[in-house]
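Here is what each chain is made of, one letter per residue.
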Amino acid sequence: MASHDPRANPADSYLLFGIAMPKVRMITLVVGIALAITLPFMVSNFAVFQMTQVLVYAIAVLGLNLLTGYNGQFSLGHSAFYALGAYTTAIMIDRYEIEYYWTILPAGIVCFIGGFLFGLPALRLEGLYLALATFALAVATPQLLRYEHFEEFTGGVQGIDVFKPDSPISGLNADQYLYFFVLVVGALLILGAWNLVRGRTGRAMIAIRDNPIAASTMGINTSLYKSITFGVSGFYTGIAGALGAIVAEFVAPDSFTFFLSVWFLVGMVVGGLASIPAAIAGGIFILYMPNVSEEVISLFFGNDPSAKALIWVAFGLFLIFTVYVVPNGLAGLIRQGIAKLARRPGA
Amino acid sequence: MSESDTAALGGAGGDLILEVRDVAVHFGGIIALDGVSFEVGRGAIQGLIGPNGAGKTTLFNCLSRLYIPTSGDILFEGRSIMKTSAHRIADIGIGRTFQNLALFRTMSVLDNIMVGAHCQSKSDFVSNALRLPWVGREENSLRERAWDLIDYLELTDVAHMPVGGLPFGTQKRVELARALAAQPKILLLDEPAGGLNHDEVEELGALIKQIRDDRHITVLLVEHHMSLVMSVSDQVVAIDFGRKIGEGTPDEVRNNAEVVRAYLGTTN
């Protein structure tokens, strides 16, 4: 123990199956990246499309998690930011013939501004009241998109078609290319989020969540931080929307109902609050869980058409089971598992 | 610190660091503070005593701008703070702890203390997200400062633990470290001895003196623990029902008839 650093985190010296924790994290990261790169070459195009959609949802969930998990502000209105991002991209591509890759950042910036401006009046609202205000945002958005005086831009009820970009790289088909495009954007956003939450800004965001009055006394401009966090959250979810529009090749008001907000919320809670990798688990849950529920029902009831009605019952039961068994989400479950299995060196 | 050093540190307000002038706070019909005035000399340890509900914490909340006084003025280093927002208070040099602990429960001891230094750092969202080189340097210097305080207050063993699960006395020390991280000129301590045992109270007294002597920080101390206040304070102000009822050296205040009456009640 001669080289023991008294300032090192003792948790880092723990061993998981004989491997030091920092190394475990590194291995997990490398394996994760290797899987993300190789998987699209081993599965069908439809599966690649689904994986792309998982990443899109994961980015949206990450945006919501920055707001709710790290900063303690509720939102039932993130479908609105998702829609705003999607329409920004669709309109830029459709009306102004801008290349799709130039539309992603502007969509994020538009949603940052939207989020920041919404965050300002939301400062006066806490908890349930903020949830209601954001709910109103989610309900109003599809109606606005449908509004006939905006039709010139939004395409009204019809929405806008977005054409899937061709793959500029030989050896990658269009689905694979789009997957990697979304993967790169997602990886950059994850890196940015990780940098944010581990530094001064992240500490301030969490401090506001834990104790706003003490945070203010420590010199944190809580109003500014909460508004900017709303903006950053909008930025992430808006970029998810922009990517989602390209992936789905289509935007229409009915794709962005209040239910989409609830999906993000479900993904965030199931994945785990205030955790970045949890966003990916959340994305997977959002995309695959309805399918899994369907499989489970058909397993028990065969192809009985009346059993179709039970799919959402199965989903509901599964959701209740999840929040009951893993109240801290999958991220919390993994943390608990590591805490159980990891051993002190020499123990 | 010698007397001459103390005087040399005096700024615009002479050797006064804090002047509370006729401060009143009304909550609807309830008068929490009814025109309190007193001064704190730079480099002093000043006690603020009074029975429960006398208005001590209300006064602290005025000093940290969490409450807006109904009338009166508060001068810090000769300048009024009545137009300063709450989040700027740490920056101008007023630090505090809270009566019932106001820590960031889920954060580690280290992170809590680093939040304390928030006002002394300035990296923003964009440079943090991109982790620009100077952000890393700022982080390192903040972390270094936090570790100095962790060593100073003997928190090394718990530095990486979330504060929420630590013993009460330890949490009190974390709060003190967090307040010191901002390098305040005056430290407002709201019942730091609350919930501590006899030995811990004695250590605390020594620590308060040490903080003043080592770091040249003026201390304003709200405390119920009379022996602590009387042993560490240079000056004591006593308030009751929102009014000042006595002021002076610990001995003078101890023998002040009104103070005795406020604490023991009237005898017919």
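1. A word on unusual backbone geometry
Argument step 1. Residue E97 of chain A is not a glycine yet carries a positive backbone phi of 50°.
Argument step 2. In this structure, E97 of chain A sits in the loop between α3 (78-96) and α4 (104-122).
Argument step 3. Of the residues examined, E97 of chain A has 7 C-beta atoms within 10 Å and is grouped as exposed.
Argument step 4. Its identity is not glycine, yet L101 of chain B carries a phi of approximately 65°, on the positive side.

2. So, the sheet that holds strand β7 (residues 186-190) of chain B
All names here are of chain B.
Argument step 1. The mixed open sheet is built from six strands, whose spatial order is β6-β7-β8-β3-β9-β10. Whereas interior strands pair on both sides, the edge strands pair on one side only; in this sheet they are β6 (94-96) and β10 (243-248). Averaged over all neighbouring strand pairs, the angle between strand axes comes to 20°, with direction disregarded.
Argument step 2. Bridge count for strand β3 (residues 45-49) against strand β8 (residues 218-222) is four bridges, and the pairing is parallel. Counterpart to I45 in the pairing with β8 is V219.

3. With respect to the packing of helix α4 (residues 109-116) of chain B against helix α6 (residues 133-152) of chain B
A packed helix pair is summarised by two numbers, namely the angle formed by the two axes and the spacing between the axes.
Residue and element names in this part refer to chain B.
Argument step 1. Remark: α4 packs on α6, axes separated minimally by 9 Å, with the N-to-C direction vectors making an angle of 115°. Overall, the two elements α4 and α6 adopt an arrangement that is roughly perpendicular. In terms of crossing hand, the pair formed by α4 and α6 is right-handed. Listed contacts from α6 to V109, L110, I113 and M114 of α4 are L142, R143, A146, L149 and I150.
Argument step 2. Considered class by class, the residues forming the contact of α4 with α6 number eight nonpolar, no polar and one charged.

4. Topic: the interface of chain A and chain B
Argument step 1. Taken together, the 28 residues of chain A in the interface contact 34 residues of chain B.
Argument step 2. Counting only elements with at least two residues in the side of chain A that touches chain B, the list comes to α7 (174-198), α8 (200-210), α9 (212-217) and α10 (222-248) of chain A.
Argument step 3. Broken down by class, the residue content of the side of chain A that touches chain B amounts to 13 nonpolar, eleven polar and four charged.

5. As for the pairing of β8 of chain B
Residue and element names in this part refer to chain B.
Argument step 1. Burial analysis of β8 places five of its five residues in the buried class, which makes it a mostly covered element.
Argument step 2. Here β8 shows a buried face lined by T218, L220 and V222 and a second buried face lined by V219 and L221.
Argument step 3. Where β7 and β8 come together, five bridges link them in parallel fashion. Counterpart to L189 in the pairing with β8 is L221.
Argument step 4. Between the parallel elements β7 and β8, the chain passes through helix α8 (residues 198-215) in a crossover that is right-handed.

6. Some words on the pairing of strand β2 (residues 30-41) of chain B
All names here are of chain B.
Argument step 1. For strand β1 (residues 16-27) and β2, the ladder comprises nine bridges, and the chain directions are antiparallel. Bridging across to β2, L16 finds its partner in G41.
Argument step 2. Counting the residues in the hairpin turn of β1 and β2 gives two residues, including G28, whose phi is positive at 60°.

7. Description of the sheet that holds strand β5 (residues 79-80) of chain B
Argument step 1. What the four strands build is an open sheet, ordered β2-β1-β4-β5 (chain B); its pairing is antiparallel. Of all strands in the sheet, those bounded by a partner on one side alone are β2 and β5 of chain B.

Rules used in this analysis
- Residues numbered from 1 in each chain as written.
- Chains lettered and ligands numbered in written order.
- Predicted model: local features only at pLDDT ≥ 70, side-chain atom pairs only at ≥ 80, totals over all residues.
- Helix = DSSP H or I, 4+ residues; strand = E, 2+ residues; numbered from the N terminus.
- Buried ≥ 20, exposed ≤ 12 C-beta atoms within 10 Å, placed from the backbone.
- Pairing = 2+ DSSP bridges.
- Axes fitted to C-alpha atoms, helices over the stretch in contact; angles between N-to-C directions.
- Parallel < 35°, antiparallel > 145°, perpendicular 65-115°, else oblique.
- Left-handed = near helix turned anticlockwise from the far one by under 90°.
- Contact = placed C-beta atoms within 7 Å.
- Nonpolar A, V, L, I, M, F, W, Y, C, P; charged D, E, K, R; others polar.
- Right-handed = clockwise from strand over helix to strand, strands pointing away.

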